[in-house]
Structures are given as structure tokens and as C-alpha cells.
Amino acid sequence: MGEGTYKKKRLDIECMRILAAFFVIFNHTEGFYLYAYHDVHSIQYWFYLFISIFCKFSVPLFFMISGALMLNRASEPLKKLWSHRILHMCCVLIVWSFFYYMILVYKGNEIFNIRHFLTQLYDINWNGSYWYLYAYIPLLVSLPLLQNIAQNLSNKNFIYLFVVYAIYNMCLPSIQYLLWNGRHDLNGNAVLHWISYNIFIFPLAGYFFEHRVKEFWNKRKVLFLWGINIGVILFSCYLTYFKAKTSQGDDIMYSQTFHNTFVLVNGIALFVTLQYINSHTNLFLKMEKVICSLGQCTFGIYLLHIFIKDELGLTKWMEDMLQGKIPNMLYAFLHCGAIFICGYAITFIIKKNPFLRRLV
């Protein structure tokens, strides 16, 4: 790939993709669950829990990138939107879901039945991590509406949107649980569900911080934002601890109630920080080729990472070589790094094929 091609890439956006893809992998590997295997009063519990809550920025950051890149454009013709973008993403979902389905057939866990495949594809999935694709397709369907909303909202209305989101999705869930331990929740009819949808709040946040207030940030303000971000992550840790202490639910999914409560703050902090670094330093320029090469493969890494983790023998090999010999969290990050690198290598090869490259 020529030098000119790299210069067309936004290095901060590519870094966002890389970080988001890496922590999607982390969210699906053993490192994410380490906190659940330690006593709530231990240092390990709090340290591992902080990392597990921090990693949740990954998918929101992907949605923010979409908002930053797509919501400032003029709406394209609906025929082109449906035939070019939506149909393409539906094909990606079908093809890769079929790939995972055939793995199960090969292993004897499923009997080949195309009707069963299509039925489960419609109402569940063949890869639990593909919920993002299911959400991304409605984002594309609603893209012309979101573009009009983003471009016509004033900055004041954007701030109002974020304040309302914070009240209904951050403050109320936290306060009501601290007061009543889950016995009382706000009446469902009084909740602003639509504001909290992934395909609404995060793309709009990406648009706002990319196109409305990009020049607002300086080093002091970025550090202040990180102070807030670390504070709310610690508060999420406390809420998780409080729930573990005051309830009988101890399964891993149950313990994640507050993992995403303040994820918008975390996503904004990462988004703004990488923007600032890109605008005020030459750090990313020093790694331009590596960043661009990795960044353009992140979608393929996301599509492949479960296959690499579960089917290629990489996990077993790393367990035999490293697990128990180094700290658990270090092993978890090395494991994720190995999956990421393998995913990059496979995607890089696939992208060399003119037909297959559209699938990654």
C-alpha cells in the first residue's frame, strides 16, 4: 500500500478501531472474568473489576466512530443506501454466521439443516459476539434520520441530550439500587428507552465530539475528563461490590449490572484523548503504517476472533506454555494480543483476494 493511501487515513480513528477491537477480544476471554474468581475484599477483585468495566468502551467506541464519519454527510439516495450499505452488511452477517454454523456441523454439534440455520440466524445468532452486526444494520437503516437529527440539533440541545441520558441511564439506576437494593425501579413507562439505544446515543456523541467541539479540548481539560472517567469507573466498581454484598446473585452475568452504566463517559474520554494526541503531537505519525495496516483489518479481526480463540488451538497452546507461570492479567492480555495478531494476519491475507475482501 502506497504512502499516499496511508495519508488519507485518520490516525486517531484508526487507533480507536484498534483499541476497540482489542478490548472486544478481552471482553470475550478469561481476563474479563478474573474479578469474579476473587473475594470482593481482595485487591485483585478491585483491580480486575476496574479493567473489566473499563473494557466496555469497545463497542460504544465503534458506534461513535460511525457517527463521527457518517452523520456529517448529506443523505445518500435510499436505493444506494439499501443496495450498497445495508445489503452488504446483511451479506457479511449471513456468510460469517454460516461459517460458524458449519464449524458446529463439522464438530457434530449440529445436523446440517438450512431451515434451522436461517431460523436461528433470524431470531438468535450463530456467534454471540455478532450482536453488534445485528445492531449495526438498523443503524444503517436509520442513517438518513440520524444524519438529519445530528446536523439540525444545536449544541445546546446536544448538551441537553447528554444530561437527560446521564439522569435516566447513569444517576437513576445507581441511586435507586443504593436506596432499595433492586426492590424498586422507575416505572418502565417513565423511562426514556430510545435515548439509551446504542445506535442513537453513541453515534450522536461521536458526531458531536468530532464536528462540534473538537477544538474545545486542551491538555488540562482532557486530564480533567479522565479524572471524571476514573471516578465513575470506580463508582461502577463500588456498585458491583455493593450488589455482590447485598444480594444472593453470584453468577458472572448477574454481576455485570453496572458495567455499562457510565460507559458513555468512558467512550468519550477515549475518543477525545485520541483526537487530542493526533492533533497536538506526532506520536501516531511515527507509527503511521502500522496503525493504518492494523486499523483496516479490525473488522476482520472482530469477525474472526471467536474462531481463533476457540478453534485454532492457540488458547490451548498458550495455556500450556504460560498460564500459571505469569500473573493472570498479564497472561490474559498476552492471550488477547495473540488472538489479535492472528486475526490481523488472516484478515490481511483475505484482503488480498478481490472477492473475499468485501467480507472483512
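See above for the structure.
What this report covers is the structure whose coordinates are included nearby. (Residues numbered from 1 in each chain as written. Predicted model: local features only at pLDDT ≥ 70, side-chain atom pairs only at ≥ 80, totals over all residues. Heavy atoms only, no water.)

**Concerning the overall build of the chain**
From N to C terminus, the chain includes 16 helices and zero strands. Taken against the 2.2 N^0.38 rule, which gives 21 Å for 360 residues, the C-alpha radius of gyration of the chain at 21 Å falls within 12% of a compact globule. If you line up the chain on its principal axes, its C-alpha atoms span 55 × 50 × 45 Å. Taking all 360 residues of the chain together, 47% fall into the buried category. Here the contacts in the chain between residues at least 6 apart in sequence split such that 82% fall between residues at least 24 apart. Positive and negative side-chain charges in the chain, numbering 30 and 18 respectively, have mean positions lying 10 Å apart. (Helix = DSSP H or I, 4+ residues; strand = E, 2+ residues; numbered from the N terminus. Rg over C-alpha atoms; globule rule 2.2 N^0.38 Å. Buried < 20%, exposed > 50% of the residue type's maximum accessible area, 1.4 Å probe, protein only. Contact = heavy atoms within 4.5 Å. Lys, Arg positive; Asp, Glu negative; His and termini not counted. Charge placed at Lys NZ, Arg CZ, Asp CG, Glu CD.)

**Structural notes on a nonpolar patch on the surface**
Residues F98, M102, F112, I114 and L118 make up a contiguous nonpolar surface patch of about 430 Å² in total accessible area. Looking at the nonpolar patch, the elements with two or more residues in it are α5 (78-106) and α6 (114-123). Overall, M102 belongs to the partly exposed group, its relative accessible area being 31%. (Patch = residues over 30% accessible without salt bridge, like charges linked within 9 Å, V, L, I, M, F, W, Y side chains within 5 Å. Areas by Shrake-Rupley, 256 points an atom, 1.4 Å probe, with all protein chains shown as cover. Salt bridge = Lys/Arg side-chain N within 4 Å of Asp/Glu carboxyl O.)

**Some points on the nonpolar core**
Residues F26, W96, F162, F209 and L264 are the most contacted members of the largest nonpolar core, which totals 116 residues. When residues in this core are grouped by element, the largest group, 12 residues, is from helix α2 (residues 11-27). Contacts of F162, omitting those with residues within four sequence positions, involve I201, A205, F208, F209 and L264. (Core = buried A, V, L, I, M, F, W, Y, C linked by side-chain atoms within 4.5 Å.)

**Quick notes on the environment of L133**
Tracing the backbone through its elements, the reader meets L133 in helix α7 (residues 131-141). According to the relative accessible area criterion, L133 is buried, its value standing at 0%. For the pair L133 and L93, spaced 40 residues apart in the sequence, the C-alpha separation amounts to 6.7 Å. Setting aside chain neighbours within four positions, we find L133 in contact with M89, L93, F299, Y302 and L303.

**As for unusual backbone geometry**
The residue N181 is not glycine, and still its phi comes out positive at about 55°. Residue N181 is classed as partly exposed on the basis of its relative accessible area, which comes to 28%.

**Topic: the packing of aromatic side chains**
Applying the stated criterion to the full structure yields 46 aromatic pairs. With a centroid separation of 5.1 Å and an interplanar angle of 85°, the aromatic rings of F32 and Y33 are classed as edge-to-face. Among the aromatic residues, those joined into a ring-pair cluster are F62, F63, W96, F99, Y100, Y130, Y132, Y136, F299, Y302 and F307. Directly above the aromatic system of F216 lies the positively charged group of K221, at a separation of 3.7 Å from the ring centroid. (Phe/Tyr/Trp six-rings, centres within 6.5 Å; stacked < 30°, edge-to-face > 60°. Lys NZ or Arg CZ within 6 Å of the ring centre and 35° of its normal.)

**Here's the deal with helix α9 (residues 155-180)**
A rise of 1.5 Å per residue sets the reference length of α9, with its 26 residues, at 38 Å; its end C-alpha atoms lie 36 Å apart and thus fit the reference within 8%. At C171, α9 shows its largest kink, close to 35°, and the proline P173 lies no more than four residues downstream. Of the residues flanking the end of α9, it is N181, one or two places downstream, whose phi is positive at about 55°. (Expected span 1.5 Å × (residues − 1). Bend = angle between axes of the 7 residues up to and from the residue.)

**Re the side chain of T315**
For T315, the location among the structural elements is in helix α15 (residues 314-322). With residues up to four places along the chain from it excluded, the contact list for T315 reads K309, Y331 and H335.

**Let's talk about the pattern of salt bridges**
By the definition in use, this model includes eight salt bridges. Across the pair R10 and D12 runs a salt bridge whose closest N-O atoms are separated by 2.7 Å. Judged by its relative accessible area of 26%, R10 is partly exposed. Here E311 ties to K107 by a salt bridge, and the two come within 3.2 Å at their closest N and O atoms. Within this pair, whereas E311 is found in helix α14 (residues 298-311), its partner K107 is found in the loop between α5 and α6, the two being separated by 204 residues in sequence. Among the residues examined, E311 registers a relative accessible area of 31% and is labelled partly exposed.

**Let's talk about the packing of α2 against helix α16 (residues 328-350)**
When two helices pack together, their arrangement is given by the angle between the helix axes and by the axis-to-axis distance. The N-to-C vectors of α2 and α16 enclose an angle of 120°; their axes lie 9 Å apart at closest approach. It follows from the interaxial angle that α2 and α16 lie oblique. α2 and α16 meet at a crossing whose hand is right-handed. Here I18, A21, F22, F23, I25 and F26 of α2 lie close against α16, whose contacting residues are M329, A332, F333, C336, G337, I339 and F340. Grouping the constituent residues of the contact of α2 with α16 by class yields 12 nonpolar, one polar and no charged. (Axes fitted to C-alpha atoms, helices over the stretch in contact; angles between N-to-C directions. Parallel < 35°, antiparallel > 145°, perpendicular 65-115°, else oblique. Left-handed = near helix turned anticlockwise from the far one by under 90°. Nonpolar A, V, L, I, M, F, W, Y, C, P; charged D, E, K, R; others polar.)

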